[in-house]
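What follows is each chain in one-letter form.
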Amino acid sequence: MPKHQTGDRDVVVGRVARILFTNDENGWCVLRLEPDDAPTLTAIGPLLGVRPGDELRLSGRWINHAKYGEQFEAESYVQVAPSTLDGIRRFLGSGKVRGLGEKRAAQVVDAFGLETLEIIENDPDRLLEIRGIGQATLDRIRESWDQHRGIQQIMIFLTGHGVAPGVAVKAFRRYGPGAVDVVRSNPYRLAEEVFGVGFLTADRIARQLGVPADAPERLEAGALHTLNEASVQGHVFLPEDQLLSAAATLLEADPESLPSALAGLVARQLVIVHPRTDEPPAIYIPRLERAEATVALDLTELVGTPSRGKPIIISTAVAWYQGQTNIRLAPRQLEALAAALNEKAVVITGGPGTGKTTLIRGVVQILGRKDLQVVLAAPTGRAAKRLTEATGLQARTIHRLLEFTPMTRAFSRNRENPIEADCLVIDEISMLDIELAAALLEAVPPNCRIVFVGDADQLPSVGPGNVLADLITSGTLPVIRLDRVFRQAERSHIIDNAHRVNSGEMPLTDSNPDESDFFFVARDDAEEAAELAIDFAARRIPERFGLDPVADIQVLSPMHRGVLGVTRLNERLQAQLNPGGRELAVGWRRFRVGDKVMQVRNNYELDVFNGDLGQVQGIDFKERELAVRFDDRLVVIPPDNLEDIVPAYACTIHKSQGSEYPAVVIVLHHQHHIMLQRNLLYTAITRGRRLVVIVGSKRALGRAVNNATVRTRHTLLAERLREVARSMA
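Note that the structure is predicted; figures quoted are calculated from it, not measured.

1. Structural notes on the packing of aromatic side chains
The description of an aromatic ring pair uses the distance of the two centres, along with the angle that the planes make with each other.
Phase 1: Under the criterion given, the structure shown has seven aromatic pairs.
Phase 2: With a centroid separation of 5.8 Å and 20 degrees between ring planes, the pair formed by Y188 and F199 is classed as stacked. Highlighted residues: Y188 in helix α7 (residues 188-193) and F199 in helix α8 (residues 199-208), separated in sequence by 11 residues.
Phase 3: Classification of Y188 as buried rests on a relative accessible area of 0%.

And the structure:
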């Protein structure tokens, strides 16, 4: 076999005999390669633009495929220019260069001989000397040649700087044949415009290219990266002084140089400055500023528009509902139901067992009796499913309610095409981030009622904003807090302990094991805690309670890293629960048929969303695709989207928001000290429906219970709501 090593990589050289498979989106290719002095071999990898007849020099490694045998997995390639007349004829006649078929390629080679490729590269106008080649054909040849050269150049350039080949493909698709020139002139455009390239990667390339540390483009990119990272942490904006300070630290730059960088971003309309009277200006990413302003304006206008239908006689309606359901509502529930029926917009908040679902059923039945259309929605599929089961009325996720259209990459429900509803009930409102809230309110018709339902003591949304807290503190909407735990719920130690934790009290763990649904098992050693948590999830709970360890049990951790982090727990749980079978490697992740997985980014084209749980039903190793069942839908995940799928036997507590599981196993340890907060523990406990097991150190449990500090998120929604309400008064 013609191979040699360069460093720790192998190299093979040969001619492409045929292409077995290619994915035009990510450049992944399977081909047969013919070396001059060895048998034909199979090569796989990101080989965008390769055609039969090409002479290639591949760098990568040999792998042994269980089904297809030995293959060469290419990490990068260089096209070797053919050096014989026959090789040049084959290359030009392969179809790679549009405008030159086999016959015309032979004419060109006959005319120019071994200088053919040099002439096409440096003096293409000479092709007009060939009979049958006019200006239009020459233009096609030039365009095709430039594209072919551009693909190779960006692949070689970026992979040489440590960028994954798949990202190089995205860069070529974004910038075209001149991709290398674009990146050389300003490497930081990669971070702004190519998904998968962050500021640190772009900065490394820039420094290798000799871009000065104080270059304006570097300072601007660093400041923009700082603002984007703040949004990942939940902030809608950053105060100007905090932004400049954090950016200066990241860039190791003189703080005095940052104001000019911020001015540059403002001039390019990449940030928006919102002045404040007694505080530093708020610096926004434009889409987040627009979202916050939209929520404030649209919600205030909605509140000021009369609802459709005749006024409801509350006492009569409530009496009818209580008679229909044979229940008697508590005073605070009566107040909440009256507000939901009377007001244009209302917030109802309360912990587990306080009767929120009973109120939603009341709204559905009473307004349905009045022939008014009630629409139910929630941020996640699992929350929508629970709402459907509780009310008997079909609930949808907010994304599906808004009807995303792949062709326009936008929601089809909007101001011009609003949702058809007389009353919209949104459950699990604590999960609603500012951008989704804006899209939702843009699609609500002006005469529609809206009822926001949620638990204000849970963690805020994963995305930017703190919508529920801001609606409450704005003082512009009626807010009813349900604080009574009803008798049936009182029998649950899960609910009792959730409320104890929320009040700053340690959970009770000394109850009768035969009657309890809540357990704490103390382990100070992190490794011992991990082993025990895995044993509970994989063996003990399934054996004792008859639960499916994959479908019914969820392991929760505050963090990703460490022995008790999600990444390591998933590796060990996969080994326990799904140990056999072929696996598809995607970076550090390994997927097998039967694996429990989670989607971690909204994908509107595939109709799967951040936090959706599924199970791998099949793997196409040739096309590198996963078939994943999400609830009742089988979704094929193509190679480009595999980075959005992660193992999910264990997940972070943040990612579990909006979901309920028959059983949860929560790991808490002083390794997690940065994350140990009361609302985090409260959220984790309320995820369990039948059983909650906490494994870890008592010190960590105590720290979480006693730490009532809530991390401040920078948002101005409450202030904007008050301002708009005053201006419309």
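More follows now that the structure is in view.
2. A word on the domain arrangement of the chain
Phase 1: Taken domain by domain, the chain comprises domain 1 (10-79), domain 2 (183-275), domain 3 (292-486) and domain 4 (505-706).
Phase 2: The interface is formed by five residues belonging to domain 2 together with six residues belonging to domain 3.
Phase 3: Of all residues in domain 2, S231, G234 and V236 give up the largest surface area on contact with domain 3, accounting jointly for 84% of the area buried on that side.
Phase 4: For the interface between domain 2 and domain 3, the tally reads one residue pair in polar contact (both at pLDDT 80 or more).
Phase 5: For the side of domain 2 that touches domain 3, the residue count by class is two nonpolar, three polar and no charged.

3. Focus: the environment of L265
Phase 1: Checked against the element boundaries, L265 lands in helix α11 (residues 258-267).
Phase 2: Distance in space between the C-alpha atoms of L265 and A223 is 8.6 Å, their sequence separation being 42 residues.

4. Quick word on unusual backbone geometry
Working note: non-glycine residues mostly have negative phi, and peptide bonds are mostly trans.
Phase 1: The phi dihedral of Q269 falls on the positive side, at around 60 degrees, and the residue is not glycine.
Phase 2: When you line up the elements, Q269 lands in the loop between α11 and β8 (272-274).
Phase 3: The exposed category is assigned to Q269, whose relative accessible area is 65%.
Phase 4: We note that D371 has phi near 60 degrees; this positive angle belongs to a residue other than glycine.
Phase 5: Relative to the elements of secondary structure, D371 occurs in the loop between α15 (356-369) and β11 (374-378).

5. So, the sheet that holds strand β23 (residues 613-620)
Phase 1: An order of β25-β24-β23-β22-β26 is seen for the five strands of this open sheet, with the pairing classed as antiparallel. Only two strands of the sheet have a single neighbouring strand rather than two, namely β25 (633-637) and β26 (645-647). Each neighbouring strand pair of the sheet contributes to a mean axis angle of 40 degrees, computed without reference to strand direction.
Phase 2: Pairing between strand β24 (residues 625-630) and β25: five bridges, direction antiparallel.

6. A few points about the pairing of strand β18 (residues 518-522)
Phase 1: Judged by how many residues are buried, β18 sits mostly within the fold: four of five residues are covered.
Phase 2: Of the strand pairs in this sheet, β18 and strand β29 (residues 688-696) are connected by five bridges, and their pairing is parallel. Residue V521 lies in a different strand from β29, and its bridge partner there is V695.

Cut-offs used in this document
Residues numbered from 1 in each chain as written. Predicted model: local features only at pLDDT ≥ 70, side-chain atom pairs only at ≥ 80, totals over all residues. Heavy atoms only, no water. Phe/Tyr/Trp six-rings, centres within 6.5 Å; stacked < 30°, edge-to-face > 60°. Helix = DSSP H or I, 4+ residues; strand = E, 2+ residues; numbered from the N terminus. Buried < 20%, exposed > 50% of the residue type's maximum accessible area, 1.4 Å probe, protein only. Domains from an automatic or database assignment. Contact = heavy atoms within 4.5 Å. Buried area = accessible area lost by both parts, 1.4 Å probe. Polar contact = N/O pair within 3.5 Å; in protein donor to acceptor, adjacent residues only side chain to side chain. Nonpolar A, V, L, I, M, F, W, Y, C, P; charged D, E, K, R; others polar. Pairing = 2+ DSSP bridges. Axes fitted to C-alpha atoms, helices over the stretch in contact; angles between N-to-C directions.

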